[in-house]
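# Architecture at a glance
Each chain is listed here by its residues.
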Amino acid sequence: MSDIFHEVDEDVRRDKAADLWRRYHTPILIFAVLIVAATGAWSYYQTNRQKTAEAANARFEAAIALANEGKAQEAAAAFDAVAKDAPKGYAALARIRAAELREDRARALQELEAIADDKNVDKLNQEVALLRAALIILESGDRQKMERALGPMMTSNGAFRFSAQELNGLDALANDDFEEAERDFNILLSDRDAPQSVRQRAAAYQGLLHAKRGPKPAAAPTAGAGGAASGGNVTVTPVIEPEQEGAASSGEAPFEVKPSK
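Here we summarise the structure given alongside this text. (Residues numbered from 1 in each chain as written. Predicted model: local features only at pLDDT ≥ 70, side-chain atom pairs only at ≥ 80, totals over all residues. Heavy atoms only, no water.)

## Re the packing of helix α3 (residues 88-100) against helix α4 (residues 105-117)
To keep it simple, the criterion reads: Each axis is a line fitted through C-alpha atoms, taken for helices only over the stretch in contact, and angles between the N-to-C directions span 0 to 180 degrees. Under the scheme used here, helices are H or I runs from DSSP no shorter than 4 residues and strands are E runs no shorter than 2 residues, and both carry numbers assigned from the N terminus. Our angle categories are set so that under 35 degrees counts as roughly parallel, over 145 as roughly antiparallel, 65 to 115 as roughly perpendicular, and the remainder as oblique. Note on convention: near helix rotated counterclockwise from far helix by under a right angle means a left-handed crossing. Clockwise means right-handed. Pairs of residues are marked as contacts when any of their non-hydrogen atoms sit within 4.5 Å. Residue polarity follows a fixed list, in which Ala, Val, Leu, Ile, Met, Phe, Trp, Tyr, Cys and Pro are nonpolar, Asp, Glu, Lys and Arg are charged, and the others, Gly among them, are polar.
Closest axis-to-axis distance for the α3/α4 pair is 8 Å, and the angle between their directions is 160°. The angle between α3 and α4 places the two elements in the roughly antiparallel class. Our pair here, α3 against α4, has a crossing hand that is left-handed. Across the interface between the two elements, R95, I96, A99 and E100 from α3 touch R105, A108, E111, L112, A114 and I115 from α4. Each residue belonging to the contact of α3 with α4 can be placed in one class, and the counts come to six nonpolar, no polar and four charged.

## A closer look at helix α9 (residues 196-213)
Where we set the bar: Helix span is expected to be 1.5 Å times the residue number reduced by one. Relative accessibility thresholds used throughout: buried, under 20% of the residue-type maximum; exposed, over 50%; partly exposed, between the two (1.4 Å probe, protein chains only). Think of the arc as the fan of directions from the helix axis to the C-beta atoms.
With 18 residues, α9 should cover 26 Å at 1.5 Å per step; its first-to-last C-alpha distance of 26 Å lies within 8% of that length. Within α9 the residues assigned to the buried category are V198, A202, Y205, Q206, L209 and R213. Taken down its axis, α9 places every buried residue within 110° of arc, on the same side. Each element contacted by the buried residues of α9 is listed here: α7 (161-174) and α8 (178-190).

Structure (structure tokens):
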């Protein structure tokens, strides 16, 4: 009896499966075809994307070679061509390199600032463009413009904060803003996360700063023992006494100290 019931159950299940296939075989076949087509399309897209990137990389490298050979105009034209139809990453880098090669520095600065403001360019390349623009601003000596360009980058989590701090310090030094320059260089020297090369340059810049500024002015003198107190400078005048036989009789220092008027 159990075998009979088992055979009946199998027949019922078989009938249900056949009924389901008759009702839904068309959607199932369409879904399977779509999966195969989507897989093929994705594979084609990935292959085509890789080929496009490889072609853009080859053109980008060729433009770099022209720049290294000193052919600035030809290299700029090659970078411009890459920027027109290359993938976003290569296009942004090509725009930056082309701007750097412009003989017209005003145009170069304008192009770099446009890249930094372009919402279609990723944040990392925007900051690279700002750093390149800062190098041009450094030549012009526009202190306020430099601070506006580098200020947003000198944050604790900025990707290029060390380079921005270095450039800001150099610009401050070039404009005789010694306090700001020393502050920037001290930040780099005291930051353990700063690259060793940056810290070495910051130490060298500090040497230049001290040579250009000279020693810091001494603090105003205060009242000392003996009542020699004044708010002005102290004049030290050598006192020349007639030469006598033997050593000086009183042992007093041969200087006369007077407050200057």
